[in-house]
Amino acid sequence: MGSCMSCRRDRGLLEGTEVSEITLGNNKLFIGQPVWEGGTDVTRDTLEEKRIEFWETAPAFGGQEEVWSALRSATEFAERGDYSMAQAIIDGVGIILPNGYLSQSYDERGHQYVIPNYCLARPKSPRRHAYDPGLSPSRKYITEDEELKIELDTKIRIRLDGRKDIKLEVNSEDTIISCKRRLSLVENVSVSSQLWCHSGKVLKNSQILREVNIPCDHMVQQSVTFLMEFYVSMYHPSELWALFRYKYLGGNTLLSPQLTTEELQSADLMKCYEYLELTSRSFSAVIRSIQDNTLRPAVCIFYLVLRALDTIEDDMNIPIDDKVTMLSNFYTYLQIPDWRYKESTEKDRIVLEDFPTISRAFRGLPIRYQRVINDIAGQMGRGFAGYLEKRIVTVEEWDEYCLYAAGLVGVGLTNLFTSGTEVAHMTELSIGMGRFLQKTNITRDYFEDTTQGRHFWPEEVWHKYGDTIDTFKQPENVAQGVACLNHLITLTLTEVPNVLEYLAQLGELTNDNTVFNFCAIPQVMAIATLLLCYNNKNVFKKNVKIRKGETVSLMQEATSMKGVKTIFSEYAQLIKNKIQSTDPSAQETARICNIIIQKCNIMAPNYAVTRYTMNSSVVLIIAIISYRYNLHSRAISSIQGILKL
């Protein structure tokens, strides 16, 4: 259990580590983790349960709750190897580390915090869980990569927070917490934030899947509490304020205005908006925010048509000859009322299974919009078909593929926004804007794509760092993988000047600020994603995503050209700050970051600058909780206190 005792612990906490000096004022975190034997009774699942129990009960034994929360986050970052973030958290709350390790620490009031080894590191050789056949008690701890290779004998349907359904492959002897861990590797949803329910009952972490007895046609509901998003953003105070505004002060309604009576009365359009939400929550928010009542459904249907096209391209189970025919002729299916495809196994297959609804809504659009969507769908389908059996070898071919995958989307959207206006001068800028998004997605989605047998990184780049594109998943090749990743991020950043120029000209072409928001928000999300991916070895282990708090904050700030420039300048500076001199692309990355900063023509904020202090964020959390339970006066006074800081 957690403790806040006055006794001193042994100083030699880590094997093979020597501490030459211990000072009470030290807050420098040493790199290293304790080594301890788990024994035959410690399994992966019991370890997770012990950790959860410790952190939930630790504050009851003394000390400040916010310090315990900070320590928990610091230990999680340290265990993942991100010692710089762990150090930042320690510095933010003034934690003192007399030994240089998180196992023993003090706050500024002198309270001692002792954390057991099992919360700081994994044991040397625990079992996976007690019911796992074929695994001996002496087997070493299973890594995330090994977790994905375990024999899977069944599938369960999971509904992710009410937004989409997936079929998760699991072992029938898995515990629920093991299934949660597998979901976290596939969908990037943290284990601690998941709550699984079936038939009206909450499933316990210790339950065995086969004992739960879930029928094959039944669904497990998985949800993530919104309060957990506040916790994740605890050390990013501006995100906390953005989340609070979004959840409680009407920020979500500002991003998604009410639909018109005509839209609400159209069963096809309402179904299209439902599919839009299922396939992409972020695009759903920005599309629904468009104020033009004629343009909004056109953009929604444009997105769904291209999502259906992209789903065909992604589906590796469709025979190649059939796929070529489907892609090349896809634009003609918009005029065939009954065409649908029911054999897809992709997560967004609903847009193919119910394509008649989408095509019917398409045929109800004004002719000028139909022409744009039909033309772009035809060009994209033919472009995709040409790359089905063609490897992306050169950077030029990568550019061409991204033109078909997203550059043409930019052209189509521009034509939708400015129907009847001559915009030929914006074509190349539109392509650059689309390519920036596509290159970002390709770079980020390495793990998902390679796991499913898809390869979109250009061979000309990855072959400089490895013999095969899949080799970067191996622990001994991660360093080369990160160098390759940084190389691709640098190439992607070269599209940013076109993005900024496009957004500046778009503001002059249309007076509709919601159209500007629609284009700008995905772009700032992309630059934030590149920052997350830069130097990030987790890209080779799982799908990575920016925090929801960061997403909401960006959506609220990218509503003007000034706001967009501020964001791009700041994130370019942050990427520049992460450059290591030993990285092969370091010089070129720094050069393009400087170009972006200069293009924005503003002083980039320093990374350490935040709107609120750590103490303010703690007060804001209290305000959030107070508001959640209708203690409005306490919430308002807390917020007013923050705004005075």
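Residues numbered from 1 in each chain as written. Predicted model: local features only at pLDDT ≥ 70, side-chain atom pairs only at ≥ 80, totals over all residues. Heavy atoms only, no water.

**Student:** If you had to explain the overall build of the chain to someone new, which residues and values would you point to?
**Tutor:** The number of helices and strands found in the chain is 30 helices and seven strands. Evaluated residue by residue, the chain yields a buried proportion of 53% over its 645 residues. Put simply, 69% of the contacts in the chain that link residues at least 6 apart link residues at least 24 apart. When the accessible surface of the chain is totalled, it reaches about 29,200 Å², and 49% of it is carbon and sulfur. (Helix = DSSP H or I, 4+ residues; strand = E, 2+ residues; numbered from the N terminus. Buried < 20%, exposed > 50% of the residue type's maximum accessible area, 1.4 Å probe, protein only. Contact = heavy atoms within 4.5 Å. Areas by Shrake-Rupley, 256 points an atom, 1.4 Å probe, with all protein chains shown as cover.)

**Student:** Explain the pattern of salt bridges residue by residue, including any values.
**Tutor:** Scanning the entire structure with this criterion turns up 18 salt bridges. The salt bridge involving Arg 435 is made with Glu 495; its shortest N-O contact spans 3.0 Å. Residue Arg 435 is located in helix 20 (residues 427-444), and its partner Glu 495 is located in the loop between helix 23 (478-493) and helix 24 (496-509); the two are separated by 60 residues in the primary sequence. Given the relative accessible area of 5%, Glu 495 is considered buried. Across the pair Glu 501 and Lys 599 runs a salt bridge, and its minimum N-O distance is 3.4 Å. Here the residue Glu 501 occupies a position in helix 24, and Lys 599 occupies one in helix 28 (residues 586-600), the gap between them amounting to 98 residues. The partly exposed category is assigned to Glu 501, whose relative accessible area is 28%. What emerges from the salt-bridge pattern is a single network uniting Asp 399, Glu 428, Arg 435, Lys 439 and Glu 495. (Salt bridge = Lys/Arg side-chain N within 4 Å of Asp/Glu carboxyl O.)

**Student:** Give me the lowdown on the packing of aromatic side chains, citing residues and values where you can.
**Tutor:** One pass over the full model with this rule turns up 20 aromatic pairs. Ring geometry for Phe 54 versus Trp 68: centroids 6.0 Å apart, planes at 80 degrees, classification edge-to-face. Residue Phe 54 is located in helix 1 (residues 44-57), and its partner Trp 68 is located in helix 2 (residues 65-79); the two are separated by 14 residues in the primary sequence. Note on accessibility: Phe 54 and Trp 68 belong to one class, buried. One Lys or Arg, Arg 368, reaches over the ring of Tyr 369 and ends 4.6 Å from the middle of that ring. Its end group placed over the ring of Tyr 331, Arg 382 keeps NZ or CZ at 5.9 Å from the ring centre. (Phe/Tyr/Trp six-rings, centres within 6.5 Å; stacked < 30°, edge-to-face > 60°. Lys NZ or Arg CZ within 6 Å of the ring centre and 35° of its normal.)

**Student:** If you had to explain unusual backbone geometry to someone new, which residues and values would you point to?
**Tutor:** Backbone geometry at Asn 535 places phi at a positive 65 degrees, although glycine is not the residue there. Summarising the element assignment, Asn 535 is placed in the loop between helix 25 (513-533) and helix 26 (548-557).

**Student:** Which residues make up the environment of Phe 516, and what are the values?
**Tutor:** By secondary structure assignment, the location of Phe 516 is in helix 25. Phe 516 sits in the buried class, given a relative accessible area of 6%. When the C-alpha positions of Phe 516 and Ser 560 are compared, they lie 7.7 Å apart, and in sequence the two are 44 residues distant. Once you skip the residues sitting within four places of it in the chain, Phe 516 turns out to touch Leu 503, Leu 506, Ala 558, Thr 559, Ser 560, Met 561 and Val 564.

**Student:** Tell me about the confidence of the model for the chain, and name the residues and values.
**Tutor:** Summary statistics for the chain give a mean pLDDT of 76 and a share of 72% for residues scoring 70 or more. This stretch, residues 230-235, has a pLDDT under 50; its non-local contacts, to residues over four places away or in other chains, come to 27 contacts. Note that pLDDT drops below 50 for residues 603-645; the model gives that stretch 59 contacts with residues more than four away or on any other chain. (pLDDT = per-residue confidence, 0-100.)

**Student:** Please set out helix 2 residue by residue, giving values where relevant.
**Tutor:** In this model helix 2 runs 21 Å from its N-terminal to its C-terminal C-alpha over 15 residues, within 8% of the 21 Å that 1.5 Å per residue would give. Within the span of helix 2, buried status applies to Val 67, Trp 68, Ser 69, Ala 70, Leu 71, Arg 72, Ser 73, Ala 74, Thr 75 and Ala 78. Among the residues trailing helix 2, Gly 81 stands out with phi positive, at a value near 90 degrees. (Expected span 1.5 Å × (residues − 1).)

**Student:** Would you mind going over the packing of helix 27 (residues 561-578) against helix 28 in detail, with residue names and values included?
**Tutor:** For the pair helix 27 and helix 28, the least separation of the axes is 9 Å and the interaxial angle reads 160 degrees. The orientation of helix 27 with respect to helix 28, classified from their angle, is roughly antiparallel. The crossing of helix 27 and helix 28 is left-handed. Two secondary-structure elements touch here, helix 27 through Lys 565, Phe 568, Ser 569, Ala 572, Gln 573, Ile 575 and Lys 576 and helix 28 through Thr 589, Cys 593, Asn 594, Ile 596, Ile 597 and Cys 600. Split by residue class, the contact of helix 27 with helix 28 holds seven nonpolar, four polar and two charged. (Axes fitted to C-alpha atoms, helices over the stretch in contact; angles between N-to-C directions. Parallel < 35°, antiparallel > 145°, perpendicular 65-115°, else oblique. Left-handed = near helix turned anticlockwise from the far one by under 90°. Nonpolar A, V, L, I, M, F, W, Y, C, P; charged D, E, K, R; others polar.)

**Student:** Would you mind going over the nonpolar core in detail, with residue names and values included?
**Tutor:** Counting 122 residues, the largest nonpolar core has Phe 417, Trp 457, Leu 493, Val 564 and Phe 568 as its most contacted members. Broken down by element, this core gets its largest block of residues, 14 residues, from helix 25. With 27 residues, the next largest nonpolar core counts Trp 36, Val 67, Leu 71 and Tyr 83 among its residues. (Core = buried A, V, L, I, M, F, W, Y, C linked by side-chain atoms within 4.5 Å.)

**Student:** An account of the packing of helix 18 (residues 367-386) against helix 19 (residues 395-417) is needed here, citing residue identities and associated values.
**Tutor:** Contact geometry of helix 18 with helix 19 gives a least axis separation of 9 Å together with a crossing angle of 175 degrees. The angle between helix 18 and helix 19 falls in the class roughly antiparallel. Where helix 18 abuts helix 19, its residues Tyr 369, Val 372, Ile 376, Gln 379, Met 380, Gly 383 and Phe 384 lie against Tyr 401, Tyr 404, Ala 405, Leu 408, Val 409, Gly 412, Asn 415 and Leu 416. The residue makeup of the contact of helix 18 with helix 19, split by class, is eleven nonpolar, four polar and no charged.

**Student:** Explain the environment of Glu 262 to me, using residue names and the numbers behind them.
**Tutor:** Locating Glu 262 in the fold gives a position in helix 11 (residues 261-265). Placed 31 residues apart in sequence, Glu 262 and Asn 293 show a C-alpha to C-alpha distance of 9.4 Å.

**Student:** Tell me about the environment of His 463, and name the residues and values.
**Tutor:** Among the structural elements, His 463 can be located in the loop between helix 22 (459-462) and helix 23. Relative accessible area serves as the criterion here: at 48%, His 463 is assigned to the partly exposed category. Note: C-alpha distance between His 463 and Cys 484 (21 residues apart in sequence) is 8.9 Å.

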